[in-house]
Amino acid sequence: MRRPTIIDVADKAGVSKSTVSLVLQGSAQVKPETRQLVHAAMKEIGYVYNRSAANLRSSGTALIGLVINDLTNPFFTEFATSLQMALGSRGYAVVVANTNEDPDIQDQVVAAMLEHGVSALILSPAYGDVSSTLAAVERAGIPMMQVLRRADGCTAKFPFFAPDYEDGGRAATQFLLDSGAREIAFVGGLEGRQVTEERVSGYLKIMHSKGLKPIVKTGKSSRAFGHAAAADLFREHPDCNAALCFNDLVAFGMINACHEANLKVGQDFQIIGFDDIKEASECWPTLSTVHCGVEEFGEQIADTILGWLQDSTVPSETKRTPVRLVLRQTTKNAD
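Colleague: Can you explain the overall build of the protein chain? Please cite residues and give values.
Modeller: Counting its secondary structure elements, the protein chain contains 12 helices and 12 strands. Oriented by its inertia axes, the alpha-carbon framework of the protein chain measures out at about 80 × 45 × 35 Å. The buried share of the protein chain, taken over its 335 residues, is 50%. When contacts within the protein chain are restricted to residue pairs at least 6 apart in sequence, those whose partners lie at least 24 apart make up 71%. When the accessible surface of the protein chain is split by element, carbon and sulfur atoms take 50% of a total near 15400 Å². For the protein chain, the separation between the mean place of its 32 positive charges and that of its 39 negative charges on side chains is 6 Å.

As structure tokens, this is what we get:
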């Protein structure tokens, strides 16, 4: 059950939200009988005023910590920028830290943020054992959301929001099949990692449903891996004529490999990326990709964490946001 909010109090007392806020602030503008009515409503529905969060907001020093696993990846950088701008427009300062996929660094930066009194945390966790990070946040008793990926063994105390990766993999694979491709590879993503399994699962479901043999080449989410994997793919599977990549960076590497092999991208070999970072629409040829709506996602996370912090509206345990396939020059027309 979600915690009652000031909107619930206002509805119960039959007054406006602003009136409830004035009562909570102890304003003399509110009539005694109205104040009694609001307090009675609060007691009846079990509303608890988060005074520490309110004090931070009123002092203008409210800080929110944002801890990202890899800011060298444009996808995470674009998300961090979107979130920071969204929170900044609402009067919150954002403290950003990069962990470089290192759980020990993550422990250090989270501890430092807690010591400096952040009001809430938003975490895209590093791979590996992050139990000490989660324990520290739990002891601090502040709201924390996980975004884009979920920590291994994490409890429901830390809600998790991410795009619907599986649906993206499914849509991309189905399009490639509809365009005439039959030997389709999935390239990139570290084996055994949750995000890789989710993105490849949609691909595998479509391939298996059509009785087609999957070709999966896992590895680092980088241009270098995409380039090397493409060279191996051309040699080991000469009839393969399409690939769904774990992310756009892998796809860029595959595009370069196709140029070197004198293959016409989009005709001889189709490529679909994942994430739709800004560069996907600016490279040559422009990249077809699964659009994850990172800008809108950042704004949604800002709204959600502030609703939790300000109004005690606890987010759902898990939420998936919609994705869509964006077709550009690295695939054939959808006829």
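Colleague: Kindly report on the packing of helix H10 (residues 223–236) against helix H11 (residues 248–260), identifying the contributing residues and their values.
Modeller: Between H10 and H11, the shortest axis-to-axis distance is 6 Å and the interhelical angle comes to 45°. Taken together, the axis directions place H10 and H11 in an arrangement best described as oblique. Relative to H11, the crossing made by H10 is right-handed. Contacts from Arg-223, Gly-226, His-227, Ala-230, Leu-233 and Phe-234 in H10 reach Leu-249, Val-250, Phe-252, Gly-253, Met-254, Asn-256, Ala-257, Cys-258 and Glu-260 in H11.

Colleague: Can you break down the sheet that holds strand S8 (residues 242–245) residue by residue, with the values?
Modeller: Judged by pairing direction, the sheet is mixed, and its 6 strands sit side by side in the order S7-S6-S8-S9-S10-S12 without closing on themselves. The open sheet terminates on both sides in strands that have one partner only, identified here as strand S7 (215–217) and strand S12 (324–326). Adjacent strand axes in the sheet meet at a mean angle of 20°, parallel and antiparallel pairs treated alike. Pairing of strand S10 (residues 288–291) with S12 involves 3 bridges; the strand directions are antiparallel. Bridging from a neighbouring strand, Val-290 pairs with Leu-325 of S12. Along the sheet, helix H8 (residues 165–178) makes contact with strand S6 (184–187), S8, strand S9 (270–275), S10 and S12, crossing S9 at roughly 165°.

Colleague: Break down the pattern of salt bridges for me, with residues and values.
Modeller: All told, the structure shown has 14 salt bridges when counted by the stated rule. The partner of Arg-223 in a salt bridge is Glu-279, and the shortest N-O contact between them spans 2.6 Å. In this pair, Arg-223 sits in helix H10 while Glu-279 sits in the loop between S9 and S10, placing the two residues 56 residues apart along the sequence. What makes Arg-223 partly exposed here is its relative accessible area of 34%. In this structure, Asp-276 and Arg-328 form a salt bridge, with 3.1 Å as the shortest nitrogen-oxygen distance. Taken as a pair, Asp-276 in the loop between S9 and S10 and Arg-328 in the segment after S12 lie far apart in primary sequence, 52 residues in all. Residue Asp-276 is classed as buried on the basis of its relative accessible area, which comes to 14%. Each of Glu-166, Asp-167, Arg-170 and Lys-205 takes part in one network of salt bridges that share partners.

Rules used in this analysis
Position numbers for residues start from 1 in each chain and track the written sequence from start to end. For a predicted model such as this one, the threshold for reporting local features is a pLDDT of at least 70, and the threshold for listing and counting side-chain atom pairs is 80 or more; totals across whole chains, interfaces and linings nevertheless cover every residue. Values shown for side chains rest on all heavy atoms present in the structure; no hydrogens or waters enter the calculation. Under the scheme used here, helices are H or I runs from DSSP no shorter than 4 residues and strands are E runs no shorter than 2 residues, and both carry numbers assigned from the N terminus. Burial here depends on accessible area, computed with a 1.4 Å probe over protein chains only, as a share of the maximum for the residue type. Under 20% is buried, over 50% is exposed, and the range in between is partly exposed. Should any heavy atoms of two residues lie within 4.5 Å, those residues are considered in contact. What sets the accessible areas is the Shrake-Rupley method with a 1.4 Å probe; for residues, cover comes only from the shown protein chains. In this count, Lys and Arg are taken as positive residues and Asp and Glu as negative ones, while His and the chain termini are left out. Here the site of a charge means atom NZ of a Lys, CZ of an Arg, CG of an Asp or CD of a Glu. To obtain each axis, a line is fitted to C-alpha atoms, and for helices this fit is confined to the stretch in contact; angles are then taken between N-to-C directions over 0 to 180 degrees. Relative orientations are named as follows: roughly parallel for angles under 35 degrees, roughly antiparallel for angles over 145 degrees, roughly perpendicular for angles from 65 to 115 degrees, and oblique for any other angle. By the definition used in this description, the sense in which the near helix is turned from the far one sets the handedness, with an anticlockwise turn below a right angle giving left-handed and a clockwise turn giving right-handed. Two strands form a pair only when DSSP identifies at least two bridges running between them. One side-chain nitrogen of Lys or Arg within 4 Å of one carboxyl oxygen of Asp or Glu is enough to make a salt bridge.

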